[in-house]
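# A closer look at the structure
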Amino acid sequence: MKRISYILMLSILAFGMAACEDDESGDYDNSVTISGSVTIDGKTYSSPTFNMGTSMEVEGYTYLTNNPTAQIYYTAIYPKTEMVDAGNGLMAHYYFVLEDDQPGTASFTGMIMFHKNDSFVFGLWSQDVDVTIDKIDPVGGFIEATYNGTFTDEGNTPKTYTVTGNIKAKRVSQPIIDK
């Protein structure tokens with residue numbers, strides 16, 4: 001009986017360790033990878049990948065803007081609880097605008113802010129970023145895309161980083177804004 005218990009315990013432990021390895025794989029629904037060396041809150045990372053939330057923690061919607069020369073469609077993406085656990089004791093808030101509402105390539109505008117203990121510790125702002133929109137389902141489905149390009153931090157001596165990321169967001173209806 002002890003032998004069976006011992007084998008069972010080792011099996012559970014091995015399964016748990018394998019599950020933990022999977023959690024650290026960087027295979028997230030929404031993620032951002034910063035190429036090279038980056039220091040956030042005094043800790044230096046080498047090409048880190050941060051979790052930016054599951055597809056159920058992130059939402060997006062499409063909207064239309066009218067300007068004097070054209071109607072322009074956009075897709076907004078953001079964490080629905082304002083912040084997500086990015087790992088390493090960091091929380092992340094971000095807002096992305098994909099400059100189209102159809103699959104294909106598009107321009108991208110966005111910002112990513114990291115917080116620790118409710119204090120801002122590091123931010124990135126898009127400079128030259130391209131996005132490939134893979135899918136925009138009807139409301140209730142998903143918005144999926146990948147992006148890559150350069151972001152700049154807001155430090156005293158701004159640095160530019162090459163960033164890649166994945167997006168999978170639950171599509172919701174455009175919010176109604178009271179005027």
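Residues numbered from 1 in each chain as written. Predicted model: local features only at pLDDT ≥ 70, side-chain atom pairs only at ≥ 80, totals over all residues. Heavy atoms only, no water.

## Details of the overall build of the chain
The number of helices and strands found in the chain is one helix and twelve strands. Secondary structure of the chain in N-to-C order comes out as α-β-β-β-β-β-β-β-β-β-β-β-β. When each of the 179 residues of the chain is scored for burial, the buried share is 37%. Long-range pairs, those at least 24 residues apart, make up 49% of the contacts in the chain with a sequence separation of at least 6. (Helix = DSSP H or I, 4+ residues; strand = E, 2+ residues; numbered from the N terminus. Buried < 20%, exposed > 50% of the residue type's maximum accessible area, 1.4 Å probe, protein only. Contact = heavy atoms within 4.5 Å.)

## So, unusual backbone geometry
Its identity is not glycine, yet S47 carries a phi of approximately 45°, on the positive side. Examined against the element boundaries, S47 turns out to sit in the loop between β3 (43–46) and β4 (49–51). Classification of S47 by relative accessible area gives partly exposed; the value is 38%. Positioned with a positive phi, E82 is a non-glycine residue whose angle comes to about 75°. Along the chain, E82 falls in the loop between β6 (71–79) and β7 (84–87). Residue class for E82 comes out partly exposed when judged on its relative accessible area of 49%.

## Description of the confidence of the model for the chain
With 84% of its residues at a pLDDT of 70 or more, the chain has an overall mean of 84. For the stretch residues 4–26, pLDDT sits under 50, and the model shows two contacts to residues farther than four places along the chain or on other chains. (pLDDT = per-residue confidence, 0-100.)

## Some details on the pairing of strand β2 (residues 37–40)
Where burial is concerned, the two faces of β2 differ: the one with V38 and I40 is buried and the one with S37 and T39 is not. Hairpin connection from β2 to β3: two residues lie between these consecutive antiparallel strands, with D41 at a positive phi of about 55°. (Pairing = 2+ DSSP bridges.)

## A few points about the nonpolar core
Counting 34 residues, the largest nonpolar core has F50, I77, I112, F114 and Y147 as its most contacted members. Elements represented by at least two residues in this core include exactly β1 (31–34), β2, β7, β8 (90–98), β9 (104–116), β10 (119–136), β11 (142–153) and β12 (160–171). Tallying contributions element by element places β10 first for this core, with six residues. Ignoring sequence-local partners within four residues, the contact set of I112 consists of V32, M52, H93, Y94, F96, F122, G123, L124, Y147 and F151. (Core = buried A, V, L, I, M, F, W, Y, C linked by side-chain atoms within 4.5 Å.)

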